[in-house]
Protein chains: 4
Amino acid sequence: MIPAEATEAIRAAGRRMDLRGWVPATAGNISLRLADGRIAITRSGFHKGFIPEDGVMTVDLGGRAERSDLRPSAETGLHCGIYRRFTEAGAALHGHSVPATVLSRQSGDAIILDGYELLKAFPGLPTHDAAIHLPVLDNDQDIERLQSRVTQIWDAAPQSPPGYVIRGHGVYVWASDMPSALLRLEALEFMLACELEARRSK
Amino acid sequence: MIPAEATEAIRAAGRRMDLRGWVPATAGNISLRLADGRIAITRSGFHKGFIPEDGVMTVDLGGRAERSDLRPSAETGLHCGIYRRFTEAGAALHGHSVPATVLSRQSGDAIILDGYELLKAFPGLPTHDAAIHLPVLDNDQDIERLQSRVTQIWDAAPQSPPGYVIRGHGVYVWASDMPSALLRLEALEFMLACELEARRSK
Amino acid sequence: MIPAEATEAIRAAGRRMDLRGWVPATAGNISLRLADGRIAITRSGFHKGFIPEDGVMTVDLGGRAERSDLRPSAETGLHCGIYRRFTEAGAALHGHSVPATVLSRQSGDAIILDGYELLKAFPGLPTHDAAIHLPVLDNDQDIERLQSRVTQIWDAAPQSPPGYVIRGHGVYVWASDMPSALLRLEALEFMLACELEARRSK
Amino acid sequence: MIPAEATEAIRAAGRRMDLRGWVPATAGNISLRLADGRIAITRSGFHKGFIPEDGVMTVDLGGRAERSDLRPSAETGLHCGIYRRFTEAGAALHGHSVPATVLSRQSGDAIILDGYELLKAFPGLPTHDAAIHLPVLDNDQDIERLQSRVTQIWDAAPQSPPGYVIRGHGVYVWASDMPSALLRLEALEFMLACELEARRSK
């Protein structure tokens, strides 16, 4: 059983992300760590703006589905990688926006965000007078290999921000709970939209 | 008679497309293959975001209206061309977005989409590490002649993707059912929006 | 008295225009020719996305308010100029979009729209294979003088399209009734949005 | 106690600003001068598109919270600075849009807006044939110091417009009441969006 509040929090997050255009087609996925340690995550193949009541399933921290007849999102391994590493993480979001897609295709291994008031949305940065090095990873259909590269980045830079970008694919962010994760996603997408605008009008 | 669910599926698709800005004025059209083989398609002259209950009519595979007093969309011949060729096609959508219009006016006979995660939305492309050659055809008010050029493209490239673009006019996509066609349209429009952004900010 | 359907048609048009971002602040105005020949038009000073029930008033063809205690929109003279000239005009819309504002500030005395499928939305152009010369006039707070320049354009080019642009100010379109005027506005704004995109990405 | 209408006016303003994308994450804040002279202002840490019923608190003109257990928005000092200086100010809005953020990062100490019809939304400018010098200030987490720089600008240019921009952070506008402040914000954001477009397509 999945608590009804958990399912509804995930569905509401999907509706909000859809409103912003961040979950086109079946892109994007959403997860929540339940009180008992299981991970509730969106099932594969649905539009995240219209998640049905049975569109959420549970996996363990290793990404194994509790019910073997349900298929979790292809990127479940990345969500679990976040929850395994960061015990304080309670919710994780993968959005798929136009700015994140375009910018990541034009960037190297990081997107630098500096001077934005919204940087305050990220922990450890009390003021806007700071810079975030948002890691950008090449896309990979082998999720285990992709997660091991994410882990390498975390090992090399333990203070790296609670987010990363997969090239041509979108962003991952996490926070202690779903409202905080949504705030962080919105802050990050806002800054990416600004960066894309700035590249054009400079 | 048209089954109420078919009419409602078409009307709901129109509302969704309008929300995205893909059916300006009377542009765009929407069709569905009914169980008995007839094609339900939007009538001409209505805004597709506000299709009235009697705004859907039926034609046969040759595009002939079942009721001679109703006028089908001008592009009905293109929808029927899709249903005649692809027996698996159950729904077809013609959207008219700004990115599709602008990009197609700046392109040759194809728009190449590569490296996008959303390419997975198209059949036969299991990974993002692939490229779609989306055919671009010159606009033509002679729909029969336009359809014969579409057919030539299909004959020359049997593996061509389930979509094409008419220059300055918009995209056509199809899939087995309406939800799948909407997902495909959304994936395609997302990639076209990315392409347009990329051309500006590079 | 204003027929309730007329007021509601104007309010609904305003809500639609607001949804598209075409009536920022108190910009834009909306009018309808009543069966008795009077013109129902939005009052001055309201946001057109939230027109109150008493936000519509009547003027005669010369722009004189039926009730002297109500102030009609500053641009009432332009609406009346349309209704005086074109007896077939039943509704007129003035929208104030970002693309119309930016493009008109960068243009000479016309914006040329050609090759767009949506050109079919304009009368006398059966196909996309045509061009519209959309007149662009310098803005002027003296509405009588502005209308006399509009009249000069109409006299010089009797086949000019049912629309024009005031520089830095927005578009005017008209049609036989409100639904048709909205379709025409949407078609025009779509093409202007395409033009602006094209100038950036070329 | 805060009058229910005041709380609802602030919440409705937040919903409107969110619809336009002007209050991402916890950015933006909203205040209203109450009849008794207190300032009702959004509490810190909430998304302004979803202000809860208890998401509004009161401060005095010096920014001191009436209830010491509630934390006002970090920028409360800027709101109070407006109300102290301008006795006619009844509502103040801080929006955080992409155009304001990007433009202010690319500008010097002012953004010049000229030739826009919407300039009429600002007092003392009866026509579009005028120019506004919108002050741009460097961002500063020390709000007292930031407000003293704002005051210097007001002292140096007493006729400066009822608005300013903080670099990378967003705009402040005020007016006699909330509807008027929203109209002014919408007019300003519209012109900033036009400016950003113009820089790209010129």
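What counts, and at which threshold
- Residues numbered from 1 in each chain as written.
- Chains lettered and ligands numbered in written order.
- Predicted model: local features only at pLDDT ≥ 70, side-chain atom pairs only at ≥ 80, totals over all residues.
- Heavy atoms only, no water.
- Helix = DSSP H or I, 4+ residues; strand = E, 2+ residues; numbered from the N terminus.
- Rg over C-alpha atoms; globule rule 2.2 N^0.38 Å.
- Contact = heavy atoms within 4.5 Å.
- Areas by Shrake-Rupley, 256 points an atom, 1.4 Å probe, with all protein chains shown as cover.
- Lys, Arg positive; Asp, Glu negative; His and termini not counted.
- Charge placed at Lys NZ, Arg CZ, Asp CG, Glu CD.
- Least-squares fit on C-alpha atoms with pLDDT ≥ 70 in both.
- Buried area = accessible area lost by both parts, 1.4 Å probe.
- Salt bridge = Lys/Arg side-chain N within 4 Å of Asp/Glu carboxyl O.
- Polar contact = N/O pair within 3.5 Å; in protein donor to acceptor, adjacent residues only side chain to side chain.
- Nonpolar A, V, L, I, M, F, W, Y, C, P; charged D, E, K, R; others polar.
- Pairing = 2+ DSSP bridges.
- Axes fitted to C-alpha atoms, helices over the stretch in contact; angles between N-to-C directions.
- Phe/Tyr/Trp six-rings, centres within 6.5 Å; stacked < 30°, edge-to-face > 60°.
- Buried < 20%, exposed > 50% of the residue type's maximum accessible area, 1.4 Å probe, protein only.
- Lys NZ or Arg CZ within 6 Å of the ring centre and 35° of its normal.
- Left-handed = near helix turned anticlockwise from the far one by under 90°.
- Core = buried A, V, L, I, M, F, W, Y, C linked by side-chain atoms within 4.5 Å.
- Expected span 1.5 Å × (residues − 1).
- Arc of directions from axis to C-beta.

1. Some details on the overall build of chain A
Scanning chain A for helices and strands turns up 5 helices and 8 strands. Secondary structure elements in chain A, listed N-terminal to C-terminal, are α-β-β-β-α-β-α-β-β-α-β-β-α. Radius of gyration (C-alpha) of chain A: 16 Å, near the 17 Å computed for a compact globule of 202 residues. In terms of its C-alpha atoms, chain A occupies a principal-axis envelope of roughly 50 × 35 × 30 Å. Pairs at least 24 residues apart make up 60% of the contacts formed inside chain A by residues separated by at least 6 positions. Carbon and sulfur atoms make up 52% of the accessible area of chain A, which totals about 7900 Å². Where the 22 positive side-chain charges of chain A centre and where its 25 negative ones centre are 3 Å apart.

2. A closer look at the relation of the copies chain A and chain D
Taken as rigid bodies, chain A and chain D are interconverted by a rotation of 90° and an axial shift of 0.0 Å, the fit giving an RMSD of 0.0 Å. Here the symmetry operator amounts to a four-fold rotation axis. Every residue of chain A has its C-alpha some distance from the rotation axis, and the shortest such distance is that of Arg200 of chain A, at 4.4 Å. Different-surface contact between copies: only 5% of interface residues of chain A are shared with the interface of chain D.

3. A word on the relation of the copies chain B and chain C
Superposing chain B onto chain C takes a rotation of 90° combined with a translation of 0.0 Å along the rotation axis, leaving an RMSD of 0.0 Å. Looking at chain B, a mere 4% of its interface residues are interface residues in chain C too, so the copies touch through different faces.

4. Digging into the interface of chain B and chain C
Residue-level contacts link 25 residues of chain B with 22 residues of chain C. Where chain B abuts chain C, roughly 1900 Å² becomes buried across the two surfaces, and 57% of that area is made up of carbon and sulfur atoms. Counting every contact that joins chain B to chain C gives 3 salt bridges. Summed over the shared surface of chain B and chain C, the number is 11 residue pairs in polar contact (both at pLDDT 80 or more). Going through the elements one at a time, α3 (98–105) and α5 (178–201) of chain B are the ones with two or more residues in the side of chain B that touches chain C. The dominant element in the side of chain B that touches chain C, judged by the number of residues it contributes, is α3 of chain B, at 4 residues. Its residues assigned to classes, the side of chain B that touches chain C shows 8 nonpolar, 11 polar and 6 charged.

5. Topic: the sheet that holds strand β4 (residues 91–95) of chain D
Backbone hydrogen bonds hold the strands of a sheet together, and the pairing may be parallel or antiparallel. Residues and elements named next belong to chain D. Taking strand neighbours across the sheet as the criterion, the 8 strands line up as β3-β2-β1-β4-β8-β7-β6-β5 in an open arrangement whose pairing is mixed. Either end of the sheet is taken by a strand with one partner, and the two such strands are β3 (56–59) and β5 (110–114). With direction set aside, neighbouring strand axes in the sheet form an average angle of 20°. When strand β1 (residues 29–33) meets β4, the two strands line up antiparallel, connected through 4 bridges. What sits directly across from Asn29, in β4, is His94. Lying on the sheet, helix α3 (residues 98–105) is in contact with β5, β6 (131–137), β7 (163–166) and β8 (170–175); it crosses β7 at an angle near 70°.

6. Side note on the side chain of Ser104 of chain C
All names here are of chain C. Turning to its location among the elements, Ser104 is positioned in helix α3 (residues 98–105). Within the structure, Ser104 has its side chain in polar contact with the backbone nitrogen of Gly168 (distance 2.9 Å). If sequence neighbours within four positions are ignored, Ser104 has contacts with Pro99, Ile111, Val136, Val165, Ile166, Arg167 and Gly168.

7. Details of the packing of aromatic side chains
Pairs of aromatic rings are described using the distance from one ring centre to the other and the angle between the two planes. If you walk through the whole model with that rule in mind, you get 24 aromatic pairs over all chains. Centroid distance Phe86 of chain B to Trp154 of chain B: 4.9 Å. Interplanar angle 80°. Geometry classified as edge-to-face. Of the two residues, Phe86 of chain B sits in the loop between α2 (76–85) and β4 (91–95) while Trp154 of chain B sits in helix α4 (residues 143–156), which places them 68 residues apart along the sequence. Exposure remark for Trp154 of chain B: the relative accessible area of 3% places this residue in the buried category. A ring pair is formed by Tyr164 of chain C and Tyr172 of chain C, whose centres lie 5.3 Å apart and whose planes are at 20°; its orientation type is stacked. Across the pair, exposure class does not vary: Tyr164 of chain C and Tyr172 of chain C are buried alike. Ring pairing ties together the aromatic residues Phe86, Trp154, Tyr164, Tyr172 and Trp174 of chain A, which thus form one cluster. Over the ring of Tyr116 of chain C we find Arg105 of chain B, and its NZ or CZ is 3.8 Å from the ring centre.

8. As for the sheet that holds strand β2 (residues 39–42) of chain A
All names here are of chain A. With mixed pairing, 8 strands are arranged side by side in an open sheet as β3-β2-β1-β4-β8-β7-β6-β5. Bordering the open sheet on either side are β3 (56–59) and β5 (110–114), each of which pairs with just one other strand. Here the average twist between neighbouring strands, direction ignored, is 20°.

9. Focus: the pairing of strand β2 (residues 39–42) of chain C
Residue and element names in this part refer to chain C. Burial along β2 is two-sided: Ile39 and Ile41 facing one way and Ala40 and Thr42 facing the other are all buried. Across 3 bridges, the pairing between strand β1 (residues 29–33) and β2 is antiparallel. Of the residues in β2, the one forming a bridge with Arg33 is Ile39. The hairpin turn running from β1 into β2, its antiparallel successor, is 5 residues long, and Gly37 in that turn takes a positive phi close to 95°. Pairing analysis gives 4 bridges linking β2 to strand β3 (residues 56–59), with the strands arranged antiparallel.

10. Some words on the packing of helix α2 (residues 76–85) of chain A against helix α4 (residues 143–156) of chain A
Residue and element names in this part refer to chain A. Relative orientation of the contacting elements α2 and α4 amounts to 30°, with a least axis distance of 9 Å. Judged by the twist between their axes, the crossing of α2 over α4 is right-handed. Contacts from Gly77, Leu78, Gly81, Ile82, Arg84 and Arg85 in α2 reach Ile143, Leu146, Gln147, Thr151, Trp154 and Asp155 in α4. Within the contact of α2 with α4, the residues separate by chemical class into 5 nonpolar, 4 polar and 3 charged.

11. Focus: the interface of chain A and chain D
Of the residues lining the interface, 22 residues belong to chain A; the matching set on chain D comes to 25 residues. Summing the contributions of chain A and of chain D, the shared interface buries around 1900 Å²; its carbon and sulfur component is 57%. There are 3 salt bridges connecting chain A and chain D. A salt bridge links Asp18 of chain D to Arg16 of chain A, with the nearest nitrogen and oxygen atoms 2.9 Å apart.

12. Section: the nonpolar core
Counting 183 residues, the largest nonpolar core has Leu93 of chain C together with Leu93 of chain D as the members making the most contacts within it. If we skip the residues at most four places from it in the chain, Leu93 of chain D touches Ala13, Met17, Asn29, Ile30, His79, Val171, Tyr172, Val173, Met178, Ala181, Leu182 and Leu185 of chain D.

13. Regarding the pattern of salt bridges
Inspection of every chain in the model, using the stated rule, returns 64 salt bridges over all chains. Glu195 of chain A is the partner of Arg105 of chain D in a salt bridge, and the nearest nitrogen-oxygen pair spans 3.9 Å. Of this pair, Arg105 of chain D sits in helix α3 while Glu195 of chain A sits in helix α5 (residues 178–201), which puts the two residues in different chains. Residue class for Arg105 of chain D comes out partly exposed when judged on its relative accessible area of 30%. In this structure Glu195 of chain A comes out as buried when scored by relative accessible area, which is 12%. With its nearest N and O atoms 2.7 Å apart, the salt bridge here joins Arg85 of chain B to Asp155 of chain B. With Arg85 of chain B in helix α2 and Asp155 of chain B in helix α4, this pair connects stretches of sequence that are 70 residues apart. A relative accessible area of 34% means that Arg85 of chain B is categorised as partly exposed.

14. Notes on helix α4 (residues 143–156) of chain C
Count 3.6 residues to each turn of an α-helix, and residues three or four apart come out pointing the same way. Residues and elements named next belong to chain C. Look at α4: 20 Å from first C-alpha to last across 14 residues, which is about the 20 Å you get at 1.5 Å a residue. Burial in α4 covers these residues: Ile143, Leu146, Gln147, Val150 and Trp154. Projected down its long axis, α4 carries its buried residues within an arc of 95°, all on one side. Exposed and facing more than 90 degrees away from the buried side of α4 are Glu144, Gln152 and Ala156.

By themselves, these observations are geometric and do not establish any function.
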